[in-house]
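Remarks on the overall topology
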Amino acid sequence: MSTLKQQILSGVFYTAIAKYSGIVISLGVTAVLARLLTPDDFGVVAIATVIIAFFELFTNIGISAAIIQYKELTRKSLEHIYGFTLWMGGILAILFCCLSWGIASYYDNETLRTVCQILSMSLFFSSAAIVPNTLFYRNKQFRILAFRTLFIQLLTGSTAVLAAYLGAGLYTLTIQPVLSSLCIYLVSLKFYPLRAVLCFDIQIIRKIGNYSLFQFLFNFINYFTCNLDKLLVGKYMGMNLLGYYEKSYRLMMLPVQNITYVITPVLHPILSDYQKDVEVLRASHEKMVHLLALIGFPLSVFLFFNAEEAIMLLFGGQWTASIPAFRILSLSAGIQLILSSSGAFYQSGGDTRSMFHCAIFAASINGLGLVVSIFLFHTLEAVSWAMLCAFVLSFIQCYALLYRKVFRHTSLSFYKQFVTPIFISALLGLLLYVISGYCSRLPYFASFCLKSLLALITHGAYLQISGEYDWYSKLPWQKQRNV
């Protein structure tokens with residue numbers, strides 16, 4: 001277990017270096033673009049991004065997870081799989097480009113056609129990069145991945161801001177995905193040069209087929225679960241409201257993704273080494289859940305009480321309509337943070353079939369809630385409440401199945417991990433509620449800083465007093481005194 005812990009901490013450390021540095025870059029670029037572009041611009045690109053993400057499902061078809069799980073794959077096998085991804089990427093990029101006329105006609109927006117055609121380039125490069133990029137994870141080279149990510153964020157972010165100032169308009173939003181996918185491909189191929197076997201052996205693809213099939217089906221269903229809200233809101237509530245909704249959802253997910261990004265990519269490559277030891281997987285899972293809950297539940301409370309400050313400071317007054325949706329969606333941040341780690345344990349346990357069943361349940365609940373909220377209430381608040389309820393129900397079902405099918409153990413030990421996080425979140429919520437009346441008279445920046453300081457002190461003090469984490473002894477002057 002000590003070796004497992006060291007591997008995870010090492011991977012998380014190097015990934016965090018790039019990702020948390022990237023938070024500043026991402027927020028800066030988003031803040032600039034939000035002031036130069038309109039909600040309609042973001043809505044158009046959001047539609048194109050959702051659609052191209054659907055096509056990207058067919059480039060991977062679970063190949064990345066299978067390469068990590070199957071340690072016995074040879075270089076020859078990997079080259080045949082690489083050739084397969086080149087064919088898939090080329091075919092799907094051409095198909096997406098051809099369908100751009102129909103997509104633009106469906107949404108009655110001619111600009112959408114050009115946006116889709118530009119983004120089709122990223123579809124090919126994303127597919128071509130699958131095998132060489134996955135080898136970084138398979139070989140646990142998280143340090144190289146971290147600094148590669150930071151470099152690409154700096155390059156694409158600065159290029160997008162420059163293009164916006166030069167008057168590129170909404171096409172600015174296509175620069176980052178295309179340039180990013182190209183850079184990932186080129187850097188990955190530099191470290192792992194693979195020969196393109198254009199006449200690939202189908203038997204090699206079939207070898208990983210059973211595992212990768214359910215991984216693909218999970219990704220396929222999960223795509224609709226994650227993007228159905230944007231597709232329906234854009235079609236039946238308009239691009240303007242989609243722009244507000246998409247901005248509030250993205251901002252809510254920003255801290256969640258920046259936490260999970262440094263953890264979840266590390267889990268499967270490391271845990272796959274313990275795929276035969278279920279007890280090790282379960283013990284690791286419960287420690288991970290407890291840690292994520294200590295972060296995620298207080299984070300939900302903090303975002304809820306800072307909704308107005310966050311929107312106004314980052315995006316400006318034209319985005320005030322996003323505040324109610326952001327406040328509601330923020331309540332799901334903790335649940336989503338924990339839920340994001342579940343896939344690695346299904347994968348490491350070799351049960352991608354059960355993971356697929358979770359995706360079916362989540363899609364059904366999500367779809368039902370969205371249909372009711374859009375067609376009966378037709379408000380962003382109703383859509384946000386529907387999403388929140390869907391996340392809660394999916395969370396319960398997902399972990400019930402994980403413990404029954406993979407861990408073969410009662411889930412009581414799982415729910416015990418939430419006692420402390422719920423208590424500290426309730427305490428923090430009470431304090432922020434009391435101080436919010438006073439903060440409403442302050443400028444947004446001062447209010448945000450005051451609430452942040454209060455949340456940090458409350459959370460840190462509780463962790464120290466309860467013995468959850470002795471951060472005080474880790475302070476530099478305390479270390480010197482102990483020595």
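Everything here concerns the structure above.
Here we summarise the structure given alongside this text. (Residues numbered from 1 in each chain as written. Predicted model: local features only at pLDDT ≥ 70, side-chain atom pairs only at ≥ 80, totals over all residues. Heavy atoms only, no water.)

**Some words on the overall build of the chain**
Quick reminder of the rule: Under the DSSP-based scheme used, a helix requires at least four consecutive residues in state H or I and a strand at least two consecutive residues in state E, with every element numbered from the N terminus. What the globule rule says is 2.2 Å times the number of residues to the power 0.38, and the radius of gyration is computed from C-alpha atoms. Each residue's exposure class comes from its accessible area (1.4 Å probe, protein chains only) as a fraction of the maximum for that residue type: buried when under 20%, exposed when over 50%, partly exposed otherwise. Accessibility throughout is a Shrake-Rupley quantity obtained with a 1.4 Å probe, and a residue counts as covered only by protein chains that appear here. None of His or the chain ends enter the tally, which takes Lys and Arg as positive and Asp and Glu as negative. Every charge is mapped to an atom, namely NZ of Lys, CZ of Arg, CG of Asp or CD of Glu.
Looking only at helices and strands, one finds 23 helices and 0 strands in the chain. For the chain, whose C-alpha radius of gyration is 23 Å, the value lies close to the compact-globule estimate of 23 Å for 483 residues. A principal-axis box enclosing the C-alpha atoms of the chain has dimensions of 65 × 55 × 45 Å. The proportion of buried residues among the 483 residues of the chain is 54%. Total accessible area computed for the chain in this model is approximately 21500 Å², and 68% of it derives from carbon and sulfur atoms. Of note, the chain has its 33 positive side-chain charges centred 8 Å away from the centre of its 20 negative side-chain charges.

**Some details on a nonpolar patch on the surface**
So the rule is basically this: Here a patch means residues that are over 30% exposed by relative accessible area and free of salt bridges, tied together within 9 Å if like-charged and within 5 Å if nonpolar (Val, Leu, Ile, Met, Phe, Trp, Tyr). Take a side-chain nitrogen of Lys or Arg and a carboxyl oxygen of Asp or Glu: if they are within 4 Å of each other, that pair is a salt bridge.
A cluster of nonpolar side chains, namely Tyr106, Tyr236, Leu368, Val371, Val372, Phe375, Leu376 and Phe377, defines an oily patch on the protein surface of about 850 Å² accessible area. Per-element accounting of the nonpolar patch gives the leading share, 6 residues, to helix α18 (residues 352-377). Relative to the helices and strands, tyrosine 106 resides in helix α4 (residues 75-106). The exposure class of tyrosine 106 is partly exposed, given its relative accessible area of 47%.

**So, the nonpolar core**
Convention followed: In plain words, nonpolar cores are sets of buried Ala, Val, Leu, Ile, Met, Phe, Trp, Tyr and Cys residues tied together by side-chain atoms within 4.5 Å. Throughout, a residue-residue contact means that at least one pair of heavy atoms, one from each residue, lies within 4.5 Å.
Phe96, Leu112 and Ile338 are the most contacted members of the largest nonpolar core, which totals 107 residues. The dominant element in this core, judged by the number of residues it contributes, is helix α19 (residues 380-407), at 12 residues. Filtering out sequence-adjacent residues up to four positions away, isoleucine 338 remains in contact with Val289, Leu292, Ala293, Phe297, Phe395, Tyr399 and Phe418. Listed in part, the 28 residues of the second largest apolar core include Ala65, Leu73, Leu86 and Phe136.

**A closer look at helix α14 (residues 307-315)**
Those residues of α14 that fall on the buried side of the exposure criterion are Ala307, Glu309, Ala310, Ile311, Met312 and Phe315. Just beyond α14, the residue with positive phi is glycine 316, at close to 95°.

**Comments concerning the packing of aromatic side chains**
For the record, the criterion: For Phe, Tyr and Trp, rings pair up if their centres lie within 6.5 Å, where Trp contributes its six-membered ring, and each pair is then called stacked (planes under 30 degrees apart), edge-to-face (over 60) or tilted (otherwise).
This structure, assessed with the given rule, holds 23 aromatic pairs. Their ring planes at 40° and their centres at 6.0 Å tell us that phenylalanine 395 and phenylalanine 414 sit as a pair that is tilted. Of this pair, phenylalanine 395 sits in helix α19 while phenylalanine 414 is found in helix α20 (residues 412-415), placing the two residues 19 residues apart along the sequence. Taking the relative accessible area as the measure of exposure, phenylalanine 395 reaches 7% and is therefore buried.

**Remarks on unusual backbone geometry**
Positive phi values are uncommon outside glycine, yet histidine 378 reaches one of about 55°. Backbone geometry at arginine 408 places phi at a positive 50°, although glycine is not the residue there. Residue position: arginine 408 is located in the loop between α19 and α20. On the accessibility criterion, arginine 408 (65% relative accessible area) is exposed.

**Brief notes about the side chain of serine 332**
Position of serine 332 among the secondary structure elements: in the loop between α15 (323-329) and α16 (333-339). A residue is classified by how much of its surface remains accessible, and serine 332, at 1% relative accessible area, is buried. When near neighbours in sequence (up to four residues on either side) are disregarded, serine 332 contacts Met252, Ser300, Leu388 and Phe391.

**What to know about the layout of surface pockets**
Over the atoms a probe the size of a water molecule is rolled, and this reveals where empty space is left. Test applied: Here a cavity denotes a set of grid points, spaced 1 Å apart and computed over the protein atoms alone, in which a 1.4 Å probe fits but from which it cannot get out, and a pocket denotes an open set meeting protein on both sides within 12 Å along at least five of seven lines; residues with an atom within 4 Å of a point are reported as lining. Grid points are joined across faces, edges and corners, and a volume is the space filled by probe spheres set on the points. Each residue gets one label: Ala, Val, Leu, Ile, Met, Phe, Trp, Tyr, Cys and Pro are nonpolar, Asp, Glu, Lys and Arg are charged, and the others, such as Gly, are polar.
Of the volumes computed, that of the second largest pocket is approximately 360 Å³. For the second largest pocket, the lining is made up of 17 residues, of which Leu27, Leu251, Leu303, Leu314 and Phe448 are closest to its centre. When contributions to the lining of the second largest pocket are tallied by element, the ones reaching two or more residues are α1 (2-36), α11 (239-260), α13 (278-305), α14 and α22 (444-466). Broken down by class, the residue content of the lining of the second largest pocket amounts to 14 nonpolar, 2 polar and 1 charged.

Geometric values such as these leave the question of function open.
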